[in-house]
Amino acid sequence: MAYYSLFPEIDSTIYSHPNRDTLNTGGDEILEIVKEKHTDQKYYPSRVLIKFKNEEIKETISSVIGSSTFNNNTTKVNLNLFQTEPKNLTTILNLDVFAVSQSWHEGKGRYSNIPTSSNGCSWLFRDDSISKTIWPTGSVTGLTFGSGSYVIGKMPSASAHKFTIGNVSYIPVLSSSLFTSTDTEVFVEISSSVQLLNINLSNAIAASSSAVVSASMLETGWPTVGGLVISASQKGTIGNIVVTTSSIAGNDQAVFSKHSTMTNFSLQGGTDDSSPTFYPGSTGSIDTDLLTAGGGTWWTGSNYTSTQQFLNADTLDTNFEVTSIMQRWSSSLFASQTHNQGNLPSGIENHGFLIKQPDSIEHNTSSSFGEMQYFSVDTHTIYPPKLTFRWDDSTHEYTSQAKNSGELNVSLYRNKKEYNQNDIALFRVNVRDKYPVRTFVTSSNFLDAGYFTANSFYSIRDAYSEEEVIPFDDNFTKMSADSEGMFFKIYMKGLQPERYYRLLFKHINTDGTTIYDNDYIFKVIR
């Protein structure tokens, strides 16, 4: 049986908090899933992005494991992150992981940088605050524009619809004095006519948005209803702003629409509101008006996601089973299968993983669940994230000679004590009866190979910290047997270099389970 681990190429935390929605943290030693409180008294969630190299994944599948073994439906792949300093956690926690559907840049910013660094991915942008390639925020984003024209098509009945520019939603209400506007929700009085609503709306947008609004309700070419001409290139620091319109609580009243007869309508390189920005089968962002739009795009469906639940007193180390995601990446890497082959792609490009709280937790802006913190690829500890491949490479054809009972002496040989981090080490285990039956033979019984049963396993611990690096795994750490006795392989590349490790053995027979821990030590060097 075998374990083989890869370490990330890049990772970063992205924050929806309004003060940090363009913050890049690609250089931080810590990744965190947290909800931060803003001055508006809302709690804003963060998410984690993490990616492993295509070349290393491909080499692992083709050369280390073998493509046939990887595709035999027994190989498993897990995403492991290691906790550090969790705070104020609730008793039940859930995390979801998804396959990211678009590329992103890590950057080298840090949470504590002053001034804030925006040289890589953030909640709003896939790249940085200069290029400003936004994460799409819906299957149809409305309009990403330099300037555009909109029509108020009819008088709304109470709070039926909303008009969103960037991160601010404008909601018509019968009396704005009955509501309290915030940084992300502005209530606009409907008044007595479409024209007056248009004036109220344009004034509100001009006062609170990064867009410049011209309320030209009787401009040539317009019908006798209110119209808005919006420009996102003359004010604020965000050059591209997404405009969307949607109903409130299922109300489908068509209040706002793009003006179809306007002749001077200009997209300035943007995307028309009839064009989907997501690949078929993918989604992204956050589907509530209460929070900042953005936060990545990812593939949907059971083959592109994994979930892990943490109960009270559980370790918060993640162990997401991501085999199905890896199979889709493999189809892209080896067979060039992509998202273009149908709505449910058999192959997707590797853009990494996105880790987040479930939607129901993220959308609850009135409370926090605490802080979940993990070591990043930039950590100075021995606990960076890793992608672990597990498969069966064991053979045991000597079960008839296995020690089914009695006390045993167990020793490790062929241990070189030091191994290069690129070595594949073959360890052998000598097994013999502690109290052998007296026999009269012409050779020493010490020369005879002894065998554990097929239910024998190895485990690896960090010799200093006692961290269980590879656990006793009944499916994937079985020892093999040949004519020389018991043996197993260890891929040193999956272990942190310049550390000492200790081997343990577990043997199950008719007498029960015995753990052999006799200080079998080795070191991995660079």
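Residues numbered from 1 in each chain as written. Predicted model: local features only at pLDDT ≥ 70, side-chain atom pairs only at ≥ 80, totals over all residues. Heavy atoms only, no water.

(A) Looking closely at the overall build of the protein. The number of helices and strands found in the protein is five helices and 31 strands. Put simply, the protein has 526 residues, and 50% of those count as buried. (Helix = DSSP H or I, 4+ residues; strand = E, 2+ residues; numbered from the N terminus. Buried < 20%, exposed > 50% of the residue type's maximum accessible area, 1.4 Å probe, protein only.)

(B) Structural view of the sheet that holds strand S25 (residues 424-433). Ordered in space as S23-S25-S29-S28, the four strands form an open sheet in which the pairing is antiparallel. Taken across any chain shown, the strands that pair with only one partner, and hence form the sheet edges, are strand S23 (408-413) and strand S28 (480-482). The sheet shows a mean angle of 35° between the axes of neighbouring strands, direction not considered. Taken together, the six bridges between S23 and S25 define a ladder with antiparallel strand orientation. Note on S25: the bridge partner recorded for Val-410 is Val-431. (Pairing = 2+ DSSP bridges. Axes fitted to C-alpha atoms, helices over the stretch in contact; angles between N-to-C directions.)

(C) Fine view of the pairing of strand S3 (residues 30-37). S3 sits mainly inside the fold: six of its eight residues count as buried. As paired strands, S3 and strand S21 (residues 371-375) are joined by five bridges and run antiparallel to one another. What sits directly across from Ile-30, in S21, is Phe-375. Pairing analysis gives three bridges linking S3 to strand S4 (residues 43-51), with the strands arranged antiparallel. Opposite Lys-35, over in S4, you have Pro-45 as the bridge partner. In this structure, the hairpin formed by S3 and S4 is closed by a connection of five residues, where Gln-41 is found at a positive phi of approximately 75°.

(D) Summary view of the side chain of His-38. Residue placement: His-38 occurs in the loop between S3 and S4. One polar contact links His-38 to Thr-39, side chain to side chain, over a distance of 3.5 Å. Beyond its immediate sequence surroundings of up to four residues, His-38 is in contact with His-17, Pro-18, Asn-19, Tyr-44 and Asp-183. (Polar contact = N/O pair within 3.5 Å; in protein donor to acceptor, adjacent residues only side chain to side chain. Contact = heavy atoms within 4.5 Å.)

(E) Representation of the nonpolar core within the structure. Core analysis: the largest hydrophobic core is formed by 39 residues, its most contacted members being Leu-79, Val-322, Phe-353, Ile-355, Met-372, Leu-387 and Phe-389. Residue contacts for Ile-355: discarding those within four places in its chain leaves Ile-33, Arg-47, Val-48, Leu-79, Leu-81, Leu-95, Asp-96, Val-97 and Phe-320. (Core = buried A, V, L, I, M, F, W, Y, C linked by side-chain atoms within 4.5 Å.)

(F) Local environment of the packing of aromatic side chains. This structure, assessed with the given rule, holds 19 aromatic pairs. Plain terms: the ring middles of Phe-98 and Trp-298 are 5.5 Å apart, the flat faces sit at 35° to each other, and that makes the pair tilted. Here the residue Phe-98 occupies a position in strand S6 (residues 93-99), and Trp-298 occupies one in strand S17 (residues 297-299), the gap between them amounting to 200 residues. Here Phe-98 and Trp-298 have matching classes, each one buried. A centroid spacing of 5.7 Å and a plane angle of 50° characterise the contact between Trp-391 and Tyr-491, whose relative ring orientation is tilted. Here the residue Trp-391 occupies a position in strand S22 (residues 386-391), and Tyr-491 occupies one in strand S29 (residues 485-491), the gap between them amounting to 100 residues. Here Tyr-491 falls in the buried class, since its relative accessible area comes to 8%. A connected cluster of aromatic rings, assembled from ring pairs, spans Tyr-419, Phe-427, Tyr-458, Phe-488, Tyr-501, Phe-505, Tyr-520 and Phe-522. Over the aromatic face of Phe-334 sits the side chain of Lys-58, whose NZ or CZ is 5.5 Å from the ring centroid. (Phe/Tyr/Trp six-rings, centres within 6.5 Å; stacked < 30°, edge-to-face > 60°. Lys NZ or Arg CZ within 6 Å of the ring centre and 35° of its normal.)

(G) Representation of the environment of Asn-71. For Asn-71, the location among the structural elements is in the loop between helix H2 (67-70) and strand S5 (76-80). Residues Asn-71 and Gln-327 lie 256 residues apart in sequence; the distance between their C-alpha atoms is 7.9 Å.

(H) The arrangement of the sheet that holds strand S1 (residues 2-6) in detail. Spatially, S1-S22-S5-S19 is the arrangement adopted by the four strands of the open sheet, whose pairing is antiparallel. Where the open sheet ends on each side, the last strands, each with one partner, are S1 and strand S19 (320-321). Looking at chain direction, S1 and S22 are connected through five bridges and run antiparallel. When the bridges of S22 are listed, Leu-6 appears paired with Leu-387. The sheet strands contacting helix H4 (residues 323-335) are S5, S19 and S22, and the helix crosses S5 at an angle near 110°.

(I) Structural detail: the pattern of salt bridges. Counted under the stated rule, the structure contains 20 salt bridges. Arg-47 is the salt-bridge partner of Glu-362, the closest N and O atoms lying 2.8 Å from each other. With a gap of 315 residues between them, Glu-362 in helix H5 (residues 359-362) and Arg-47 in strand S4 connect regions that are remote in the sequence. Here the residues in one salt-bridge network are Arg-47, Lys-356, Asp-359 and Glu-362, joined through shared partners. (Salt bridge = Lys/Arg side-chain N within 4 Å of Asp/Glu carboxyl O.)

(J) Fine view of unusual backbone geometry. In this model, Asn-73 sits at a positive phi of 70°, which is unusual for a non-glycine residue. Looking at the element boundaries, Asn-73 is found in the loop between H2 and S5. The class for Asn-73 is exposed, based on a relative accessible area of 61%.

(K) Here's a closer look at the side chain of Thr-318. Residue placement: Thr-318 occurs in the loop between strand S18 (305-310) and S19. For Thr-318, the side chain forms a polar contact with the main-chain nitrogen of Leu-81, separated by 2.8 Å. Not counting residues up to four positions away in its chain, the partners in contact with Thr-318 are Leu-79, Asn-80, Leu-81, Leu-95, Gln-308, Phe-310 and Tyr-374.

(L) The confidence of the model for the protein, seen in detail. Per-chain confidence: the protein averages 80 in pLDDT, with 75% of residues scoring 70 or above. Confidence drops under a pLDDT of 50 for residues 249-255, and excluding neighbours within four residues, the segment shows 17 contacts in the predicted structure. In the predicted structure, residues 257-277 sits below a pLDDT of 50 and forms 46 contacts with residues beyond four places in sequence or in another chain. (pLDDT = per-residue confidence, 0-100.)

(M) Representation of H4 within the structure. Here H4 spans 17 Å end to end across 13 residues, near enough to the 18 Å set by a 1.5 Å rise per residue. Taken together, the buried positions of H4 are occupied by Thr-323, Ser-324, Ile-325, Met-326, Arg-328, Trp-329, Ser-330 and Ser-332. (Expected span 1.5 Å × (residues − 1).)

(N) Geometry of the packing of helix H1 (residues 54-65) against H4. At a closest axis distance of 11 Å, the pairing of H1 and H4 adopts a crossing angle of 95°. One element, H1, and the other, H4, form an angle in the roughly perpendicular class. Along the contact surface, H1 presents Asn-54, Ile-57, Lys-58, Ile-61 and Ser-62, while H4 presents Met-326, Trp-329, Ser-330, Leu-333 and Phe-334. (Parallel < 35°, antiparallel > 145°, perpendicular 65-115°, else oblique.)

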